[in-house]
Amino acid sequence: MGNEKDRHGGMSKRLQALIRKEFTSLKDDFVALLIVDAEKFAETNIELVKILKHENKLPGVYITGNVPYKNLKEHFDSHKVDLKDLTFIDMVTQMSGEEAQKEENCVFVDSPDSLTELSVTLDKAMDKIKGREKFLILDSVSTLLIYNKDRAVEKFTHFLANNLRENPGTKGILLAVQTNENKNALEMLAQFCDKVVKLV
Amino acid sequence: MAADLERTKTGLVGLDKLIGGGIPKGNLVVMSGDPGSGKTCLCLQFLYEGATKFNENGVFISLEEDVEELEKFSTLFDWDFKELIAKKKIKIVNVELYDFDKLLTTIEDTVSSINAERLVIDPGVVFRLYFKTELEARKRILGLGKMLKRMNVTTVITNELSMERAKSLYGLEEYVADGVILLYHTKLENRFVRSIGILKMRGTKISEKLHPLEISKEGVKVLSEQELFEEI
């Protein structure tokens, strides 16, 4: 079944249906932890953004800690994802030593270990979005756990989840790839979320 | 209890939120910080905001830097100190380090000359240089604290942090100061991070967390809604 591909986008139909089932039915605000297999990760973020942006017409913020904005944009463009009203926060480019080009819809943070800077930048990006309904995708908490101590990521996630809840109309999805090393930390983070979805 | 006190708003919105709306009027606050943490900037801003937003005159007693250097420093920000000095809203005085009694007289005279309601003494760590013995330093510095409180001028005295511990101001911070604010400029693995914490503020419910700071052309911005996530 895992090889069954959609002719148009290459997305596994089963995965697509699962994501759709889990997230289109959520009417109100939520903070969800979405645990995905590493090999399904690239497909999952495409599908999520399509559901939130194309179908629900929501503006939002996408935090990328795995792939530089430049590459992620190419990835989204190749899958015909509309990037209008989507602000990116890139935690990768500056860390890699590459000079961050000024981009209209992207803000660069030093590195995935700059949690305070990330929090401040995210706050500003969310504030800039007009209207009540919006979304946030954090890609990913597993990356944050590589670059920071578990305790710091727990504190950050707790703060983030509370902040999202204080802003009615906001949907937050925290992406993660589960490994043997981060299993316990993810269990702790799950406590701060309203829902845990496992696509593994 | 916080609502009953008359307060001197620092004018830094984020900081005022952390201390119940401002420093209780006439109180003495010690502001301790690492080098580069923003102490002098924050103190100048305290006086600038007072003069421009709250019509409260202020005095800056500099025990180290020349008046010209401070004026030059202030031009890094969007503040026009020259105009405020010309209008006698603010006075910056450099006091030489040889006579503690002269320092006390200068403080009293300068504050009363413009009816200042705000006072900054920077940096308090050099007080010790006035005295031969620690005992003498302790007695006289505590006396300074009591004098400031009698004058009912809201005062900030800066101090230095070293190895994450504040150098002692000979009991001033423990026995006389009503508030202690800590500014950190901490080196992490590959970068620096600035933050602020309130150790104590008399009659005030304070935040017990560390909060990040930003310094820009507008001065210091305390991000009271944010927390510091890095361990320092």
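Since we're looking at a predicted model, the values are computed, not measured.

J.: What is the right way to read the interface of chain B and chain A from this model?
T.: You'll often see interface size given as the accessible area lost when the parts meet. Opposite the 12 residues of chain B that make contact, chain A presents 15 residues. When the two sides are added together, the surface that chain B and chain A hide from each other amounts to roughly 1,200 Å², 48% of it contributed by carbon and sulfur. Ranking the residues of chain B by area buried against chain A places Arg191, Gln226 and Phe229 of chain B at the top, with a combined share of 50%. Between the two partners, chain B and chain A, sit two salt bridges. Asp113 of chain A is paired through a salt bridge with Arg191 of chain B; the nearest N and O atoms lie 3.5 Å apart.

J.: Would you explain the sheet that holds strand E5 (residues 134–139) of chain A in this entry?
T.: In sheet architecture, strand pairing relies on hydrogen bonds along the backbone and comes in two forms, parallel and antiparallel. Residues and elements named next belong to chain A. Spatially, seven strands are ordered E4-E3-E2-E5-E6-E1-E7 in an open sheet, and the strand pairing comes out parallel. What marks the edges here is a single partner per strand, and that holds for strand E4 (106–108) and strand E7 (195–199). Strand-to-strand twist across the sheet, computed as the mean angle between neighbouring axes with direction ignored, equals 15 degrees. Pairing analysis gives six bridges linking E5 to strand E6 (residues 170–177), with the strands arranged parallel. Its bridge partner being in E6, Ile137 is matched across the sheet by Ile173.

J.: Help me understand the packing of aromatic side chains, please; the structure alone is not making it clear to me.
T.: Each pair of aromatic rings is reported with the distance of its centres and the angle of its planes. Scanning all chains against the criterion turns up 15 aromatic pairs over all chains. Between Phe156 of chain A and Phe229 of chain B, the ring centres sit 5.3 Å apart and the planes meet at 80 degrees, which makes this aromatic pair edge-to-face. One end of the pair, Phe156 of chain A, is in helix H6 (residues 150–166); the other, Phe229 of chain B, is in the segment after strand E12 (219–222), on a second chain. Each member of the pair Phe156 of chain A and Phe229 of chain B is classed as buried. Taking the centre distance of 6.2 Å and the plane angle of 70 degrees together, the rings of Trp79 of chain B and Phe81 of chain B count as edge-to-face. Assigned by exposure class, Trp79 of chain B and Phe81 of chain B land together as buried. Chaining the aromatic ring pairs together yields one cluster made of Tyr48, Phe73, Phe77, Trp79 and Phe81 of chain B.

Thresholds applied
Residues numbered from 1 in each chain as written. Chains lettered and ligands numbered in written order. Predicted model: local features only at pLDDT ≥ 70, side-chain atom pairs only at ≥ 80, totals over all residues. Heavy atoms only, no water. Contact = heavy atoms within 4.5 Å. Buried area = accessible area lost by both parts, 1.4 Å probe. Salt bridge = Lys/Arg side-chain N within 4 Å of Asp/Glu carboxyl O. Pairing = 2+ DSSP bridges. Helix = DSSP H or I, 4+ residues; strand = E, 2+ residues; numbered from the N terminus. Axes fitted to C-alpha atoms, helices over the stretch in contact; angles between N-to-C directions. Phe/Tyr/Trp six-rings, centres within 6.5 Å; stacked < 30°, edge-to-face > 60°. Buried < 20%, exposed > 50% of the residue type's maximum accessible area, 1.4 Å probe, protein only.

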